[in-house]
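Survey of secondary and tertiary structure
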Amino acid sequence: GNISGYSYGLGGIVGNANASTKFNKCANLGNIEDTRNVVGGIVGLCSSTVKNSYNTGNITGTTNAGGLIGHHSGGTVAENCYNLGTVTATNADGKSAAFTTCNMAKTFVVKNCYNTGEIISSSKSQDLIAYTAASGAVTYTNCYQLTASEDTSNISGVIFVDAQALKTAALGTG
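Here is a short report on the structure shown in this document. The structure displayed is predicted, hence computed values, not measured ones. (Residues numbered from 1 in each chain as written. Predicted model: local features only at pLDDT ≥ 70, side-chain atom pairs only at ≥ 80, totals over all residues. Heavy atoms only, no water.)

A word on the overall build of the protein chain. Broken down by element type, the protein chain carries one helix and 24 strands. Looking at the protein chain residue by residue over its 174 residues, the buried ones come to 45%. Taking all contacts inside the protein chain whose residues are at least 6 apart in sequence as the whole, residues at least 24 apart take part in 71%. When the accessible surface of the protein chain is summed, it comes to about 7,600 Å², and 48% of that surface belongs to carbon and sulfur atoms. (Helix = DSSP H or I, 4+ residues; strand = E, 2+ residues; numbered from the N terminus. Buried < 20%, exposed > 50% of the residue type's maximum accessible area, 1.4 Å probe, protein only. Contact = heavy atoms within 4.5 Å. Areas by Shrake-Rupley, 256 points an atom, 1.4 Å probe, with all protein chains shown as cover.)

And the structure:
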């Protein structure tokens, strides 16, 4: 089903999770809307890794919106995951991304993931896969994204493909 709320940490599975929480083989298929702050398809606020999981719902938040995680505190964010839903941050200073956002300068790692969902932000502070503050860094390994209209030449580790090539790469089929 769909979820809507006013919370600091709203997610399809869990609102807030610490580093000891394990997320493996989780799925969110519903639309989630948070009218306060942090929202994610799997978890709102998180400091652990999400593995083998996916989101197909549309995620809408005011400040931080992520297809998997609304706000992450750094480290390995996602492994073997995908996002198919549209992710939107509505505030003037909102941040949105397919997998996670962070207002702080943190280092993220995203491995073996793909995104086909549209990423929208009123502030234009969005990234196709993960967003972090300017002095932070994101390392992508074996990630795929449907071809985007913006300049993507500086994103190492992300392969931009059309729909058929993404299906082949992600599913190993033709």
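For S121, the location among the structural elements is in strand β20 (residues 119-121). Residue S121 is classed as buried on the basis of its relative accessible area, which comes to 3%.

Attention now moves to the sheet that holds strand β5 (residues 27-28). Spatially, six strands are ordered β5-β10-β15-β19-β23-β24 in an open sheet, and the strand pairing comes out parallel. Both edges of this open sheet fall to β5 and β24 (158-161), since each of them pairs with a single strand only. (Pairing = 2+ DSSP bridges.)

Moving on, we get to the sheet that holds β20. Read across the sheet, five strands follow the order β1-β6-β11-β16-β20 without closing on themselves; strand pairing throughout is parallel. Lying at the two open borders of the sheet, with one neighbouring strand each, are β1 (3-5) and β20. Across this sheet, the average inter-strand angle for adjacent strands is 5 degrees, counted without regard to direction. In terms of strand pairing, strand β11 (residues 59-61) meets strand β16 (residues 87-89) through three bridges, oriented parallel. Its bridge partner lying in β16, I59 is registered against V87. (Axes fitted to C-alpha atoms, helices over the stretch in contact; angles between N-to-C directions.)

All right, on to the nonpolar core then. Residues F23, L68, A78, F99 and V110 are the most contacted members of the largest nonpolar core, which totals 28 residues. Every element with two or more residues in this core is listed here: β8 (43-46), β14 (75-79) and β18 (107-111). (Core = buried A, V, L, I, M, F, W, Y, C linked by side-chain atoms within 4.5 Å.)

Our focus in this paragraph is the environment of G74. With respect to the secondary-structure elements, G74 resides in the loop between β13 (69-72) and β14. We classify G74 as partly exposed; its relative accessible area is 22%. For G74 and T101, which are 27 residues apart along the polypeptide, the C-alpha to C-alpha distance reads 9.6 Å. Dropping the residues within four chain positions of it, G74 is found in contact with K106, T107 and F108.

Right, let's talk about the pairing of β8 for a bit. Relative to β8, strand β3 (residues 14-17) runs parallel, the two being bridged by three bridges. Residue pairing in the sheet places N16 in a bridge with L45 of β8. Pairing of β8 with β13, which is carried by three bridges, proceeds in the parallel orientation. Within the sheet, the bridge partner assigned to V43 lies in β13 and is I69.

So, on to the environment of S121. For the pair S121 and T90, spaced 31 residues apart in sequence, the C-alpha separation works out to 6.2 Å. A polar contact is formed between the side chain of S121 and the backbone oxygen of G94, at a distance of 2.7 Å. (Polar contact = N/O pair within 3.5 Å; in protein donor to acceptor, adjacent residues only side chain to side chain.)

To continue, consider the packing of aromatic side chains. Scanning all chains against the criterion turns up two aromatic pairs. With a centroid separation of 4.9 Å and an interplanar angle of 5 degrees, the aromatic rings of Y54 and Y82 are classed as stacked. Here Y54 is found in strand β10 (residues 54-55), whereas its partner Y82 is found in strand β15 (residues 82-83), with 28 residues between them in sequence. For Y54, a relative accessible area of 26% translates into the label partly exposed. (Phe/Tyr/Trp six-rings, centres within 6.5 Å; stacked < 30°, edge-to-face > 60°.)

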